[in-house]
Every structure is written in C-alpha cells, then in structure tokens.
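Reading the structure
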Amino acid sequence: MKVLFWGTPAYAVVSLEALRQAGHSIVGVVSQPDRRRGRGKALVPSPVKQRALELGLPVFTPERIRRDLACQQELAALGAEVSVVVAFGQILPPAVLSQPPLGCWNGHGSLLPRWRGAAPIQWALLEGDAETGVGIMAMEEGLDTGPVLLERRLAIPLLQNAGQLSERLACLTGELLVEALPLIEAAGAGPEPDRLARLGVRAQAVEGLSHARQLTKEDTRVDWSDTALAIHRRVMGLHPNASCPWGSERLKLLATEPLVARLADQLTPVAAALAARWGSSARDGTAAHGCSAGGSPADGPGTVLEVVEGEGLVLATGGCPVLLRQAQLPGRRPSEGQALIQQLGLVAGDRIGANTP
C-alpha cells in the first residue's frame, strides 16, 4: 500500500521501519519541525525525520498542519492510499483526515479510552495501572476519540520504567499496524461509515475515560512525604527526569523499589528482604514508615534509614521506605549500587533535601 506516515519521537521510528519491512511504500513522512536542544541550542531533527532522511524519503515538517494549506496540498499530491499516525504531536484537521481513500489510522499507546492524549505511557505508570496496551484507531477530529480496530494488552511490571515500557509498546504498535493494514486494504474505499462497518471497529466506551495531559517540570519533583508507591511510580513514570533537591541543584532519581511487604513477590530478592524488615503489610502501603520493624518518629521523610552495601540507600517517606538504587548527581553519569553510595556520601541519619550535600 502507499502509506503517508506521520510521527515524531523514537517511539514512532519502530512503526516506520515495520511498515517498510512489511513491503509497504512510504510515499512521504510528516514530522514536527526541528527543535533547539542541548547547551548549544542547535536545531535538531526529530528521530522520525532523521530516519526518513537516511532512507531517502520525502519529509514534511509543518509548524501547524491545520493552518499550512500549501503543505496540505503537497501531501494530497503524494497519492497515499492510507495515512498512519504514531505520536505525531498535532491534531489533524478534517481536510487532511479525508485525503486518503482508506482513511487515517493511529497507533496509540494505551487501552482507549484510558489515557487519551499526550503522555499515555507516563500516566499509566504514574497512576499505577496494572496493564496497558496499544490500540489501532480510526482517526477523527477529536483527540483520540475514534473507533478501535485492533487492540493488544500488556502487563506493567512494578519495576519497569517509562523508557522500558515505551520500547515494548513501540514494538507492539509496529506489529499491530502491520496486521491492520491488510484488513484496511481488504475493506476497500468508500464512505467512511461503510468502510468502518466492514472492518467491524468498536466504538470507545464512555466509562473509563481519562486524559493524559502534557507533563510539566513540576510533575518531575519528588516529595519524600509522599507514600513509597507514589514516589516509586513518579521515578518510574517520569524516567529519567524525576528529581529531588540536592544543594542548590537537583539529584535525578532513576531507580527505586517500594519496600512494601505485600509487594515482595514483585521486588528483587534484596528489596523483598528489606521490605520484610522495614515495610508494611498494610494493603495500601501508606502506613507510617518503619511500620513493621524500624524507624523512629523523628526520622522525617528523605532521611537515610540504612545504607545497604552494594545495593543503595533505604530512605524514609510519608509511608513505607523506598530503596534508592540508581541516581545521577549534577554533572555526573548515572550511578547505582556501591558507586551510588560512594558518590552520595550519605550515612544513616542524613537527609536528602535542600541542605545536601
């Protein structure tokens, strides 16, 4: 099939490659414009644009496709049979949605209508969802509101971060798009209601709707007075950007384990043993830290309760403690285990906060 591909981040590159390898003809690629990044603020192309240029594909980078009538005309002239959208980053206007005779289809990284919007992977982790998945959806003018053709589910392990989950979902998105396009082609062209009826799509449910709003810098700030699970979900869900104060700068928090006894079967063996001593068997993991075996009331959130040689630091929270396994000091590379302990230079009784180091 002749495919017009829309995408921007590395997540979408996997789908672009999968469609090519399946034998589809990519007649053009639409991506977000180059953005200034890094200390030098140099213009950097998106991962999708970079890969498309390497492949010698025509690339279009409209600042606002809704307003760029010239770009809309150029895209129409490509003669695509179908448009495939994966994390493009703009809402397509009706004039663009109606161009390809076989429709516009979106590979979305959530189980719709759960987490419509910009950051579904991060919000699934932040909210502690037990599972997520990918849906192949017929696009409408609304934000992720269209009917779903195919869907696959994935369990979310407790210790998986946003980058790791994103890789799994990116691969699944590519696989489902390759599965979906022959179905879309076989259904043929014609009025959209007839095409969708032939495909047997399902309308999204009304219940369970949630919006994955764009994340902000404020979202990345870890508050040690939160519960162990809330802190852990923030570290995993916002990886690698969750942080806490470190002197006048920020300490990036890259890997934690919530020391909650009821979660022992999902923890590493070391953390499971620590949870038996420090954690709570409370159902929600929100009892005061030291709820099973330790910690005095004077140990405020962010206090180092134990230095675990070769592993990391046990830190007090507003609930059960967490084991900090990996972090990154300002201007340094990420460190974990014993290297982390040595770099932070903290001992039991110290507190991570505005006055450290």
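A brief look at the structure comes next. Note that the structure is a prediction, hence the values are computed from the model and not measured. (Residues numbered from 1 in each chain as written. Predicted model: local features only at pLDDT ≥ 70, side-chain atom pairs only at ≥ 80, totals over all residues. Heavy atoms only, no water.)

Attention shifts here to the overall build of the protein chain. For the protein chain, the count of helices and strands is ten helices and 17 strands. Counting only C-alpha atoms and orienting by the principal axes, one finds that the protein chain spans roughly 70 × 45 × 30 Å. When the 357 residues of the protein chain are sorted by exposure, 50% land in the buried category. Computing the positive centroid from 34 side-chain charges and the negative centroid from 35, the protein chain places the two 4 Å apart. (Helix = DSSP H or I, 4+ residues; strand = E, 2+ residues; numbered from the N terminus. Buried < 20%, exposed > 50% of the residue type's maximum accessible area, 1.4 Å probe, protein only. Lys, Arg positive; Asp, Glu negative; His and termini not counted. Charge placed at Lys NZ, Arg CZ, Asp CG, Glu CD.)

A few words on helix α2 (residues 47-54). Every buried residue belonging to α2 is among V48, K49 and A52, and all of these are buried. Down the axis of α2, the smallest arc covering the buried residues is 95°, so these residues share one side. Lining the buried residues of α2 we find β1 (2-7), α1 (10-21), β2 (25-30) and β5 (59-60). Phi turns positive one or two residues past the end of α2, at G56, with a value near 75°. (Arc of directions from axis to C-beta. Contact = heavy atoms within 4.5 Å.)

With that settled, consider the side chain of D129. Counting through the fold element by element, D129 comes out in the loop between α5 (120-126) and β9 (131-138). Beyond its immediate sequence surroundings of up to four residues, D129 is in contact with R114, W115, A124 and I156.

With respect to topology, seven strands assemble into an open sheet ordered β5-β2-β1-β6-β7-β9-β10, the strand pairing being mixed. Strands at the two margins of the open sheet, each flanked by one partner only, are β5 and β10 (148-155). Here three bridges tie strand β6 (residues 82-86) to strand β7 (residues 104-108), and the two strands are oriented parallel to one another. By the bridge assignment, S83 is partnered in β7 with C104. Helix-sheet contacts for helix α6 (residues 162-187) involve β1, β6, β7, β9 and β10, and the interaxial angle to β10 is about 155°. (Pairing = 2+ DSSP bridges. Axes fitted to C-alpha atoms, helices over the stretch in contact; angles between N-to-C directions.)

Interaxial distance between α6 and helix α7 (residues 192-199) falls to 9 Å at its minimum, and their mutual angle equals 125°. Judged on the interaxial angle alone, α7 and α6 are oblique. Remark: the crossing between α6 and α7 carries right-handed chirality. On α7, the residues that touch L183, I184 and A187 of α6 are R195, R198 and L199. For the contact of α6 with α7, the class distribution of residues is four nonpolar, no polar and two charged. (Parallel < 35°, antiparallel > 145°, perpendicular 65-115°, else oblique. Left-handed = near helix turned anticlockwise from the far one by under 90°. Nonpolar A, V, L, I, M, F, W, Y, C, P; charged D, E, K, R; others polar.)

This model, assessed by the stated rule, comprises two aromatic pairs. With 5.2 Å between their ring centres and 80° between their planes, W6 and F88 make a pair best called edge-to-face. With W6 in strand β1 and F88 in the loop between β6 and α4 (94-97), this residue pair connects regions lying 82 residues apart in the sequence. Residue W6 shares its accessibility class with F88, and that shared class is buried. (Phe/Tyr/Trp six-rings, centres within 6.5 Å; stacked < 30°, edge-to-face > 60°.)

Let us look at the packing of α1 against α2. At a closest axis distance of 8 Å, the pairing of α1 and α2 adopts a crossing angle of 35°. Along its contact with α1, which presents A10, A12, V13, L16 and E17, the element α2 presents P47, V48 and R51.

Per the stated rule, a full pass over the model turns up zero disulfides. Not engaged in a disulfide, the cysteine C244 finds its nearest cysteine sulfur in C320; these two sulfurs lie 19 Å apart. (Disulfide = S-S within 2.5 Å.)

Relative to the assigned elements, H232 resides in helix α8 (residues 228-237). Residue classification places H232 among the buried residues on the basis of a relative accessible area of 1%. At 2.7 Å, the side chain of H232 forms a polar contact with the backbone oxygen of L158. (Polar contact = N/O pair within 3.5 Å; in protein donor to acceptor, adjacent residues only side chain to side chain.)

As a further point, take the layout of surface pockets. Rolled over the atoms, a probe as big as a water molecule pinpoints where empty space is left. By volume, the second largest pocket is sized at about 300 Å³. Counting residues per element, the lining of the second largest pocket draws most heavily on strand β13 (residues 249-258), which supplies three residues. The residue makeup of the lining of the second largest pocket, split by class, is two nonpolar, five polar and six charged. (1 Å grid on protein atoms, 1.4 Å probe; cavity = no way out; pocket = protein on both sides within 12 Å on 5 of 7 lines; lining within 4 Å. Points joined across faces, edges and corners; volume = space filled by probe spheres on them.)

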